[in-house]
Amino acid sequence: MIAVERLTKRYGTMVALDRVTFEVPRGEVFGFVGPNGAGKTTTMRILAALLEPTDGRAFVDGVDVDAHPDLVHQRLGYMPDFFGVYDQLTASEYLDFYAACYRLPRARRQTTVGELLELVGLSDRRNQPVDTLSRGLKQRLCLARALVHDPAVLLLDEPASGLDPRARVEMREILRELQRMGKTIVISSHILPELTELCSMIGIIDQGRMRATGPVKEVVARLSSARRVRIHVLGKRDEALQALRAMPEVQHADEVDGELSVAYDGDERAAASVLQRLVTAGVSVSSFTISDGGLEGAFLHATSEDPA
């Protein structure tokens, strides 16, 4: 559905994107993450046919973004990180205006506006002026705006930016519903736990270069050089640490917040060996929790590498 091939963008001597390459199959939710200034918004704007690349190619639903921007606009809905609203319009008038921009017939516009307001939970606000809506409600309205022409692909640049926790939960539920509807979605965000719940694929970009891309579980597994386990023991902590540090597969073992934090190489068999060593040493274990570091650990690992 989306294919990016060696995408490059230069501003004078500054390289904003350096041969970025990734793919997003149809129906996937792709989380696009990276530090500020990494190149996320530049990539999104190129995909939305709002910015021309210096080199490389990008395709949306088989259409070359640079060669046929009008066709891309028909297939794609874009929600930027900063957006403007027409304050004097009501919510329904606002959506009707954008539906008219896409040349939807008047009768169809009325139906579309009603369905979109229901989708984003704003049916009871249809006659409320836009300037009186909260930040979270405006975000929902702008998401509805990106959907007025029923695009197959959605580009959402920081859709949860500035939202309170409740509004973030509500936005997440709307995105899940869009996923169930079969939309292909690209989400740029710094909120890694939410991306872990929402996304089936992930792309990590830093300093204009893609560091990793693929299914979330595969990327996390590939970038997690060591797994961790948190262990709560009943007494004999010094003996437990001494036994664990003697194991070749254990990178380090320390006491953190009253528990043992152990980093080790290997799979579940290695974790079982850690537990067995404690039992053999006569240490009573009351809890044993394995963690692979998750998306946050993968992100930190990827963005700490030398891009060269």
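The coordinates are above.
So, here's what we can say about the structure. (Residues numbered from 1 in each chain as written. Predicted model: local features only at pLDDT ≥ 70, side-chain atom pairs only at ≥ 80, totals over all residues. Heavy atoms only, no water.)

Regarding the overall build of the protein
From N to C terminus, the protein includes 11 helices and 14 strands. Expressed along its principal axes, the backbone C-alpha trace of the protein runs to roughly 75 × 45 × 30 Å. Across the protein, contacts joining residues at least 24 apart in sequence account for 68% of those joining residues at least 6 apart. If you sum the accessible surface of the protein, you get close to 15300 Å²; carbon and sulfur atoms cover 47% of it. (Helix = DSSP H or I, 4+ residues; strand = E, 2+ residues; numbered from the N terminus. Contact = heavy atoms within 4.5 Å. Areas by Shrake-Rupley, 256 points an atom, 1.4 Å probe, with all protein chains shown as cover.)

Some points on the nonpolar core
In terms of nonpolar packing, the biggest core is built from 51 residues, with Leu95, Leu141 and Leu143 touching the most fellow members. Tallying contributions element by element places helix H5 (residues 135-146) first for this core, with six residues. Each residue touching Leu141, except ones within four places of it in the same chain, is listed here: Ala91, Tyr94, Leu95, Leu117, Leu122, Val130 and Leu133. With 29 residues, the next largest nonpolar core counts Phe22, Val24, Met44 and Leu47 among its residues. (Core = buried A, V, L, I, M, F, W, Y, C linked by side-chain atoms within 4.5 Å. Buried < 20%, exposed > 50% of the residue type's maximum accessible area, 1.4 Å probe, protein only.)

Overview of the side chain of Asp157
By secondary structure assignment, the location of Asp157 is in strand S7 (residues 153-157). Among buried Asp, Glu, Lys and Arg side chains, Asp157 stands out as unpaired, with Arg45 the closest opposite charge at 5.7 Å. Setting aside chain neighbours within four positions, we find Asp157 in contact with Thr41, Met44, Tyr78, Met79, Pro80, Asp81 and Ser188. (Lys, Arg positive; Asp, Glu negative; His and termini not counted. Salt bridge = Lys/Arg side-chain N within 4 Å of Asp/Glu carboxyl O.)

Digging into helix H1 (residues 40-47)
Within H1, six of the eight residues are buried, leaving the element largely enclosed by the surrounding structure. Of all the positions in H1, only Lys40, Thr42, Thr43, Met44, Ile46 and Leu47 are classed as buried.

Considerations on the environment of Ala270
Take Ala270: it is sitting in helix H10 (residues 268-280). Separated by 31 residues in the primary sequence, Ala270 and His301 have C-alpha atoms spaced 22 Å apart. For Ala270, the contacting residues outside a window of four places in its chain are Tyr264 and Asp265.

Here we look at helix H6 (residues 165-180)
When the terminal C-alpha atoms of H6 are compared, their 23 Å separation across 16 residues agrees well with the 22 Å that a helix rising 1.5 Å per residue should span. Turning to H6, its buried residues are Ala167, Met171, Arg172, Ile174, Leu175 and Leu178. End-on view of H6: buried residues confined to an arc of 165°, all on one side of the axis. Across H6 from its buried face, at more than 90 degrees, point the exposed residues Pro165, Arg166 and Arg180. Buried residues belonging to H6 abut helix H4 (106-119), H5, S7, strand S8 (184-188) and helix H7 (192-198). Taking the backbone nitrogen of Arg166 as reference, a side-chain oxygen 3.1 Å away marks Asp164 as the first, capping residue of H6. Looking one or two places after H6, you find Gly182, whose phi comes out positive at around 90°. (Expected span 1.5 Å × (residues − 1). Arc of directions from axis to C-beta. Polar contact = N/O pair within 3.5 Å; in protein donor to acceptor, adjacent residues only side chain to side chain.)

Thoughts on the sheet that holds strand S4 (residues 55-60)
With antiparallel pairing, four strands are arranged side by side in an open sheet as S2-S1-S4-S5. Both outer strands of the open sheet, strand S2 (14-24) and strand S5 (63-64), are each paired with one neighbouring strand and no more. (Pairing = 2+ DSSP bridges.)

Examining the packing of aromatic side chains
All chains considered together, the criterion is met by five aromatic pairs. With centroids separated by 5.3 Å and ring planes inclined at 85°, the aromatic side chains of Phe97 and Tyr98 adopt a geometry described as edge-to-face. Exposure remark for Tyr98: the relative accessible area of 18% places this residue in the buried category. By way of ring pairs, the aromatic residues Phe22, Phe30 and Phe32 are connected into one cluster. The ring of Tyr11 carries Lys9 above its face, with NZ or CZ at 5.3 Å from the centroid. (Phe/Tyr/Trp six-rings, centres within 6.5 Å; stacked < 30°, edge-to-face > 60°. Lys NZ or Arg CZ within 6 Å of the ring centre and 35° of its normal.)

Some words on the sheet that holds strand S11 (residues 227-234)
Pairing is antiparallel across the open sheet formed by four strands, whose spatial order is S12-S13-S11-S14. The open sheet has two edge strands with one neighbour each: strand S12 (250-256) and strand S14 (284-291). For this sheet the average axis-to-axis angle between neighbouring strands, irrespective of direction, equals 20°. Here S11 runs beside strand S13 (residues 259-264); their pairing, made up of five bridges, is antiparallel. What sits directly across from Arg227, in S13, is Tyr264. Set on the sheet, helix H9 (residues 237-245) makes contact with S11, S12 and S13; between it and S12 the angle comes to about 165°. Lying over the sheet, H10 contacts S11, S12, S13 and S14, oriented at roughly 160° with respect to S14. (Axes fitted to C-alpha atoms, helices over the stretch in contact; angles between N-to-C directions.)

Read these as spatial facts, not as claims about activity.
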